[in-house]
Amino acid sequence: MTLVYSTETGRIKPEEDKPQRPKGDGIVRIEKQTKGRKGKGMSVVTGLDMDDVQLKLIAAELKKVCGCGGSVKDGTIEIQGDARDKIKAHLEKKGHTVKLAGG
C-alpha cells in the first residue's frame, strides 16, 4: 500500500523521473508548423542540446531578431510566424549547423 495523503504535508505525489531528451546529431533543424494552431504558422527550432536556461536565452535573442513572440517547450524553441530565414542566419552566426526542415 502506498501513502497518498499526510495530514502534515498534504497530498503526496509519487516521484517521477523526468523523461530525458533525445540527443541530437549536432544539426539544428528549423521547421514551419501550422497543425493545431488554427492556421497560424510557427517556426520550431529543434536539435539544440542545451538545458532550459540556455534555451530560454537563445529564445529571447531569436524573439528580438524576429520581432515577435515565442516560447520554449520540451526542449524546442517556438517562434511565432514564419521567420525561418532570420533564425537560420542568426544561428549560423553563432556557429551552429542549421537545416531548414519541412514545408
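Look up a bit, the structure's there.
Okay, so let's go over this structure. (Residues numbered from 1 in each chain as written. Predicted model: local features only at pLDDT ≥ 70, side-chain atom pairs only at ≥ 80, totals over all residues. Heavy atoms only, no water.)

Points about unusual backbone geometry
- For D74, which is not a glycine, the phi torsion comes out positive at approximately 50 degrees.
- Note that D74 resides in the loop between β5 (70-73) and β6 (76-80).
- The class for D74 is exposed, based on a relative accessible area of 76%. (Helix = DSSP H or I, 4+ residues; strand = E, 2+ residues; numbered from the N terminus. Buried < 20%, exposed > 50% of the residue type's maximum accessible area, 1.4 Å probe, protein only.)

Focus on the packing of helix α1 (residues 52-66) against helix α2 (residues 84-93)
- Running from N to C, α1 and α2 point in directions that differ by 130 degrees, and their axes come no closer than 10 Å. By the criterion of interaxial angle, the relationship of α1 to α2 is oblique. For the crossing formed where α1 meets α2, the hand is right-handed. Taking contact as the criterion, the partners of I58, E61, L62, V65 and C66 in α1 are, on α2, K86, I87, H90 and L91.
- Of the residues assigned to the contact of α1 with α2, the class counts are six nonpolar, one polar and two charged. (Axes fitted to C-alpha atoms, helices over the stretch in contact; angles between N-to-C directions. Parallel < 35°, antiparallel > 145°, perpendicular 65-115°, else oblique. Left-handed = near helix turned anticlockwise from the far one by under 90°. Contact = heavy atoms within 4.5 Å. Nonpolar A, V, L, I, M, F, W, Y, C, P; charged D, E, K, R; others polar.)

Things to note about the state of the cysteines
- Counted according to the given criterion, the structure contains zero disulfides.
- Cysteine C66 remains unbridged, with the sulfur of C68 as its closest cysteine sulfur at 4.8 Å.
- Residue classification places C66 among the buried positions, given a relative accessible area of 12%. (Disulfide = S-S within 2.5 Å.)

What about the pattern of salt bridges?
- Tallied over the entire structure, the rule returns three salt bridges.
- For the salt bridge of E78 with K73, the shortest nitrogen-to-oxygen distance reads 3.9 Å.
- The partner of D82 in a salt bridge is R84, with the nearest N and O atoms 3.1 Å apart.
- The partly exposed category is assigned to D82, whose relative accessible area is 44%.
- According to the relative accessible area criterion, R84 is buried, its value standing at 14%. (Salt bridge = Lys/Arg side-chain N within 4 Å of Asp/Glu carboxyl O.)

Observations concerning the environment of H96
- Tracing the backbone through its elements, the reader meets H96 in the loop between α2 and β7 (97-101).
- Residue H96 is classed as partly exposed on the basis of its relative accessible area, which comes to 23%.
- C-alpha separation for the pair H96 and V28, spaced 68 residues apart in sequence, amounts to 6.9 Å.
- Once residues within four sequence positions are removed from consideration, H96 is found in contact with V28, L48, M50 and L91.

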